[in-house]
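# Working through the structure, step by step
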Amino acid sequence: MGLRASYDHIDRCFYDQAGKAYEIIYWDQHSRFCPVCGTPTEQKGPIMKKCPECGNEMFPAVSPAILVLIRKGEEILLVHARNFRGTFHGLVAGFLETGETLEQCVEREVREETGLTIRNITYFGNQPWPYPSNLMIGFIADYVSGEIKLQDEELSSGSFFSKDNLPEIPRKLSLARKMIDWWLEN
Ligand SMILES: [Zn+2]
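For clarity, every value in this text was computed on a predicted model and none was experimentally measured.

How each quantity is defined
- Residues numbered from 1 in each chain as written.
- Predicted model: local features only at pLDDT ≥ 70, side-chain atom pairs only at ≥ 80, totals over all residues.
- Heavy atoms only, no water.
- Helix = DSSP H or I, 4+ residues; strand = E, 2+ residues; numbered from the N terminus.
- Buried < 20%, exposed > 50% of the residue type's maximum accessible area, 1.4 Å probe, protein only.
- Salt bridge = Lys/Arg side-chain N within 4 Å of Asp/Glu carboxyl O.
- Domains from an automatic or database assignment.
- Contact = heavy atoms within 4.5 Å.
- Buried area = accessible area lost by both parts, 1.4 Å probe.
- Polar contact = N/O pair within 3.5 Å; in protein donor to acceptor, adjacent residues only side chain to side chain.

This part takes up the environment of Glu153. Looking at the secondary structure, you find Glu153 in the loop between β8 (134–145) and β9 (155–162). Judged by relative accessible area, Glu153 falls into the exposed class, the value being 62%. Residues Glu153 and Ile25 lie 128 residues apart in sequence; the distance between their C-alpha atoms is 31 Å.

See below:
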């Protein structure tokens, strides 16, 4: 069974361990040669390799990605991304770019993917996301203005939903689901 498929079937602590192992194996496979000079690398510790030629040291890199729950009155924005497996609707998400703060990333992703402007960006929580080596960081924000204009390559549908007409939402254990559940309770 693949890691993603195991999500609903094993205990959280085992899932977290499997995720960490997956990230380290991925790193091991992608750090066989020094990216600076091309020499085969040497393992120096569980999560450290060193180039015997130029001394370059390598550790597993983690790429931050954001998730944002946008509130508009009694509704929230839910979208279906083309790369989602299944038919559920989730939150706007995207990768942090070089030189950006997390808040700038949240604003940019929302603008690029939906055409909306937002404010009151506040931190919610985070979750390791080993697909292959990300950290998912969740934020809550409020809608300010704009009509939804979906970025076609990334999203196939999206709109504001109230508590009474929610579509299928992400599965338990995911940060997105935790954020939606938090909104439902509050
Ligand atoms: Zn080297």
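Further notes follow.
Right, let's talk about the pattern of salt bridges for a bit. Summed over all chains, the structure comprises 10 salt bridges. Here Lys49 ties to Asp28 by a salt bridge, and the two come within 2.7 Å at their closest N and O atoms. Pair noted here: Lys49 is in strand β2 (residues 48–50) and Asp28 is in helix α2 (residues 12–29), with a separation of 21 residues, a long-range link. Residues Asp142 and Arg71 are paired through a salt bridge, measuring 3.0 Å at the closest nitrogen-oxygen approach. A residue pair is termed long-range when its members are at least 10 positions apart, and Asp142 in strand β8 and Arg71 in strand β4 (residues 63–72) qualify at 71 residues.

Okay, the domain arrangement of the protein chain next. By domain assignment, the protein chain separates into domain 1 (3–58) and domain 2 (63–185). Once you take the C-alpha centre of each, domain 1 and domain 2 turn out to be 28 Å apart. Facing 10 residues of domain 1, the contacting portion of domain 2 comprises 12 residues. Roughly 1,300 Å² of surface becomes buried between domain 1 and domain 2 when both sides are summed, with 53% attributable to carbon and sulfur atoms. In this assembly, domain 1 and domain 2 are joined by zero salt bridges. Along the contact surface separating domain 1 from domain 2 lie one residue pair in polar contact (both at pLDDT 80 or more). Where the side of domain 1 that touches domain 2 is concerned, the elements lending two or more residues are α1 (3–6) and α2.

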